[in-house]
Amino acid sequence: MQLIDGKTLAKKVQDSVSVGVEQLKREKNIVPGLAVLLIGDDPASHAYVKMKAKACEKVGFYSITHNMPDSISQDEIIATIEMMNNNPRIDGILVQLPLPKHVDTDKILEVIDPKKDVDGFHAYNVGRLVTGLDGFVACTPLGVMKMFEEYDIDLQGKDVCVVGASNIVGKPMASLLLNADATVTVTHIFTKDLKAHTSKADIVVVGVGVPGLIKEDMVKDGAIVIDIGINRIEDGSLVGDVDFANVSPKCSYITPVPGGVGPMTIAMLLSNTLKAAKGRI
């Protein structure tokens with residue numbers, strides 16, 4: 001069993017972004033800019049945005065966070081995004097999810113200029129991903145693909161079971177895997193017999209937010225398991241969606257939680273923002 005080390009790979013991606021930023025500054029006098037909209041008081045969102053700001057500083061980006069109260073109107077959020085769409089210093093716009101209940105998330109994401117949609121959530125970029133065209137791809141699935149590349153894991157013809165069908169993880173993950181010529185099964189909360197699908201798969205990718213969902217008898221010997229879930233349990237520790245202690249001995253490769261997919265999400269956000277800044281040239 002080999003651990004897929006997301007922390008080390010994320011550092012490698014960040015170092016590469018830093019080099020790209022220096023080159024862009026030197027040759028074109030361009031400093032990549034990322035703007036984040038943070039609405040409400042969700043502690044996890046605040047912690048995550050803080051990590052993003054720190055990462056931006058490390059690689060030499062210009063970054064700004066718009067903190068907005070829970071009570072802000074949808075029109076005010078849209079006005080702020082439109083202002084950033086028109087700001088030449090901003091290359092990437094990120095709306096931290098989840099949004100308050102009175103806000104239509106789909107409508108908000110549609111307002112972002114697709115060329116600045118570094119989260120890859122805009123329907124334009126989702127459409128380009130599905131059809132195999134270049135665009136911005138959601139950071140977490142993109143990070144998983146980077147892991148496959150780094151560890152020389154060939155996806156062609158592999159049976160892959162994606163557990164979870166969210167717009168942020170499951171669906172883009174399935175599209176990326178299909179584009180890499182894998183045979184993909186997508187399962188979700190209404191799937192009748194999850195084990196029947198996971199136990200046949202060469203690769204299992206899970207991201208649903210259910211601690212220990214994937215048990216030892218649900219994966220075959222030698223499977224590759226990518227755990228995207230991050231759950232804080234009662235004792236305060238972080239665990240994934242996989243029963244790591246019992247599943248890992250059966251695997252050829254597995255991602256730990258923490259230190260697996262998590263660090264890759266921010267690394268790919270930085271990579272996407274640099275790509276957006278290069279689009280100015």
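Calculation notes
Residues numbered from 1 in each chain as written. Predicted model: local features only at pLDDT ≥ 70, side-chain atom pairs only at ≥ 80, totals over all residues. Heavy atoms only, no water. Helix = DSSP H or I, 4+ residues; strand = E, 2+ residues; numbered from the N terminus. Rg over C-alpha atoms; globule rule 2.2 N^0.38 Å. Buried < 20%, exposed > 50% of the residue type's maximum accessible area, 1.4 Å probe, protein only. Contact = heavy atoms within 4.5 Å. Areas by Shrake-Rupley, 256 points an atom, 1.4 Å probe, with all protein chains shown as cover. Lys, Arg positive; Asp, Glu negative; His and termini not counted. Charge placed at Lys NZ, Arg CZ, Asp CG, Glu CD. Pairing = 2+ DSSP bridges. Axes fitted to C-alpha atoms, helices over the stretch in contact; angles between N-to-C directions. Expected span 1.5 Å × (residues − 1). Polar contact = N/O pair within 3.5 Å; in protein donor to acceptor, adjacent residues only side chain to side chain. 1 Å grid on protein atoms, 1.4 Å probe; cavity = no way out; pocket = protein on both sides within 12 Å on 5 of 7 lines; lining within 4 Å. Points joined across faces, edges and corners; volume = space filled by probe spheres on them. Nonpolar A, V, L, I, M, F, W, Y, C, P; charged D, E, K, R; others polar. Phe/Tyr/Trp six-rings, centres within 6.5 Å; stacked < 30°, edge-to-face > 60°. Lys NZ or Arg CZ within 6 Å of the ring centre and 35° of its normal.

> I'd love a proper account of the overall build of the protein chain, names of residues and values included.
Each helix and strand counted, the protein chain has ten helices and eleven strands in total. Against the 2.2 N^0.38 benchmark of 19 Å for 281 residues, the protein chain shows a C-alpha radius of gyration of 19 Å, consistent with a compact globule. By its C-alpha atoms, the protein chain is 50 × 45 × 40 Å across when sized along the principal axes. Taken over 281 residues, the protein chain has a buried fraction of 48%. Within the protein chain, residue pairs in contact and separated by at least 24 positions form 70% of the contacts whose partners lie at least 6 positions apart. When the accessible surface of the protein chain is totalled, it reaches about 13,700 Å², and 53% of it is carbon and sulfur. Side-chain charges of the protein chain comprise 29 positive and 35 negative groups, with the mean position of each set lying 4 Å from the other.

> Lay out the sheet that holds strand 2 (residues 33–39) with the relevant residues and their values.
What holds strands together in a sheet is hydrogen bonding between their backbones, with the strands either parallel or antiparallel. Within the open sheet, the three strands sit side by side as 3-2-4. Their pairing is parallel. At either end of the open sheet lies a strand with only one pairing partner, and these are strand 3 (62–68) and strand 4 (92–95). Ignoring strand direction, the axes of neighbouring strands in this sheet form an average angle of 15°. Note: strand 2 against strand 3, seven bridges, orientation parallel. Residue L37 lies in a different strand from strand 3, and its bridge partner there is H66. Contacts between helix 2 (residues 43–59) and the sheet are confined to strand 2, strand 3 and strand 4, with strand 2 contributing the most and set at about 170° to the helix. Sitting on the sheet, helix 3 (residues 74–85) is in contact with strand 2, strand 3 and strand 4, with an inclination near 175° to strand 2.

> Explain helix 7 (residues 170–179) to me, and be specific about the residues and the numbers.
Of all ten residues in helix 7, seven are buried; the element is thus mostly enclosed. In this structure, the buried side of helix 7 is in contact with helix 5 (123–130), helix 6 (139–150), strand 5 (159–163), strand 6 (183–187) and strand 7 (203–206). Phi turns positive, to about 70°, at D181, one or two residues after helix 7.

> Any details on the sheet that holds strand 6? Residues and values, ideally.
Taken in spatial order, the six strands line up as 1-11-8-7-5-6 in an open sheet, and their pairing is parallel. Each of the sheet's edge strands pairs with one partner strand only, and the pair in question is strand 1 (2–3) and strand 6. Bridge count for strand 7 against strand 8 (residues 224–227) is four bridges, and the pairing is parallel. Its bridge partner being in strand 8, V206 is matched across the sheet by D227.

> So what's going on with helix 1 (residues 6–28)? Which residues, and what values?
Here helix 1 spans 32 Å end to end across 23 residues, near enough to the 33 Å set by a 1.5 Å rise per residue. Among the residues making up helix 1, those that are buried are G6, L9, A10, V13, Q14, V17, G20, V21 and L24. Between the side-chain oxygen at the start of helix 1 and the backbone nitrogen of K7 there is a gap of 3.1 Å, and the oxygen is on D5.

> Tell me about the layout of surface pockets, and please be specific about residues and values.
By volume, the second largest pocket amounts to about 300 Å³. Forming the walls of the second largest pocket are 16 residues, and the residues nearest its centre are K115, K116, F136, A276 and G279. For the lining of the second largest pocket, the secondary-structure elements that each account for two or more residues are helix 5 and helix 10 (261–278). Sort the elements by how many residues they give to the lining of the second largest pocket and helix 5 lands first, with three residues. A class-by-class count of the residues in the lining of the second largest pocket yields six nonpolar, three polar and seven charged.

> Give me the lowdown on the environment of G259, citing residues and values where you can.
With respect to the element layout, G259 can be found in the loop between strand 11 (253–254) and helix 10. Expressed as a C-alpha distance, the spacing of G259 and K7, which sit 252 residues apart in the sequence, is 5.3 Å. Residues within four places of G259 in sequence aside, it is in contact with I4, D5, G6 and K7.

> Run through the side chain of T140, naming residues and quoting values.
Within the element layout of this structure, T140 appears in helix 6. Contact partners of T140, with chain neighbours within four places excluded, come to V169, I228, V261 and T265.

> Explain the packing of aromatic side chains to me, and be specific about the residues and the numbers.
A complete count under the given rule lists one aromatic pair for this structure. Ring centres of Y151 and Y253 lie 6.1 Å apart, and the angle between their planes is 75°; this geometry places the pair in the edge-to-face category. With Y151 in the loop between helix 6 and strand 5 and Y253 in strand 11, the pair connects residues that are 102 residues apart, well separated along the chain. The exposure class assigned to Y151 is buried, which follows from its relative accessible area of 18%. Between the NZ or CZ atom of R89 and the centre of the ring of Y62, over which it lies, the distance is 3.8 Å. Taking NZ or CZ as reference, K275 lies 5.3 Å from the ring centre of F136, over its face.

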